[in-house]
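# Structural description and commentary
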Amino acid sequence: MKTKLYHIDRAGHLKENDEIEPIKDIQIRQPHLLKECENLINNIYPEGLSFHGRRYFLDNINNFSMGLDIIFEYERRLHYPEKLSRYQSLFAFDKQGVYQFIQKKELNYEYYKIYEIEYEYCEKHDMNLIRGWGQYDCTVNAKYYWENIPDYNPKNKPLYEFLVKLPVKIGKEVPYEYFIPEEK
């Protein structure tokens, strides 16, 4: 039986019954690199990219999160090519993970929607491992992430994200209150 999964739409691009397909018609912002980029993308990601992948692989953003994603993707391509690429996946959570993520990121309910999703295949990984201040730390964390090895620091509780293979169908919107754990 499949795990019921949910996507938190922080960009505000989704609505019920949308179908999320891999992006194959990539818009290159540097026209002088157009042919080179098209060949590279087609060779590495022939099935296309997710919205996350298009943004992190192609956009000229200089931030810490992008640097981590690059190391994790290269580690995957080098040692775990059978695993789903973060650049080709939709990110989702189970019921508990939705609540944990919203609390961790301190998201304001006015700026996101939560949707149930329909999917065929996914992988579960601890997103708290996507961290590190040096290449060595990041590489060790990437190994643990891709191999589903528990965090070496037992104080760090896992926050499981699901990499969901596209295509994905967006289901019904679910209110935040549904995810609040019942008090015991």
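Residues numbered from 1 in each chain as written. Predicted model: local features only at pLDDT ≥ 70, side-chain atom pairs only at ≥ 80, totals over all residues. Heavy atoms only, no water.

## Here's the deal with the pattern of salt bridges
Inclusion rule: Salt bridges are defined as contacts in which a side-chain nitrogen from Lys or Arg sits within 4 Å of a carboxyl oxygen from Asp or Glu. Note on classification: 1.4 Å probe, protein chains only; a residue is buried when its accessible area is under 20% of the maximum for its type, exposed when over 50%, partly exposed between these limits. Secondary structure elements follow DSSP: runs of H or I of four or more residues count as helices, runs of E of two or more count as strands, with numbering from the N terminus.
This model, assessed by the stated rule, comprises eight salt bridges. Taking the shortest distance from any N to any O, the salt bridge between lysine 15 and aspartate 18 comes out at 3.0 Å. Look at lysine 15 and you get exposed, because its relative accessible area is 53%. The exposure class assigned to aspartate 18 is buried, which follows from its relative accessible area of 16%. Close ionic contact of arginine 86 with aspartate 69 constitutes a salt bridge, the shortest N to O distance being 3.0 Å. With arginine 86 in the loop between α3 (64-79) and β3 (89-92) and aspartate 69 in helix α3, this residue pair connects regions lying 17 residues apart in the sequence. The exposure classification of arginine 86 matches that of aspartate 69, with both residues buried. Each of Asp69, Arg86 and Glu161 takes part in one network of salt bridges that share partners.

## Remarks on the sheet that holds β3
To be explicit about the condition: Pairs of strands are assigned from DSSP output, requiring at least two bridges between the strands. Between N-to-C directions, angles cover 0 to 180 degrees, with each direction set by a line fitted to C-alpha atoms, over the stretch in contact for helices. Any pair of residues with heavy atoms lying within 4.5 Å of one another is described as a contacting pair.
Read from one edge of the open sheet, three strands run β3-β6-β5, paired in antiparallel fashion. The open sheet has two edge strands with one neighbour each: β3 and β5 (122-126). Ignoring which end each strand starts from, the neighbouring axes of this sheet average 30° apart. Pairing of β3 with strand β6 (residues 160-165), which is carried by four bridges, proceeds in the antiparallel orientation. Following the sheet pairing, leucine 90 is matched in β6 by valine 164. Running at roughly 140° to β5, helix α5 (residues 135-147) makes contact with β5 and β6 of the sheet.

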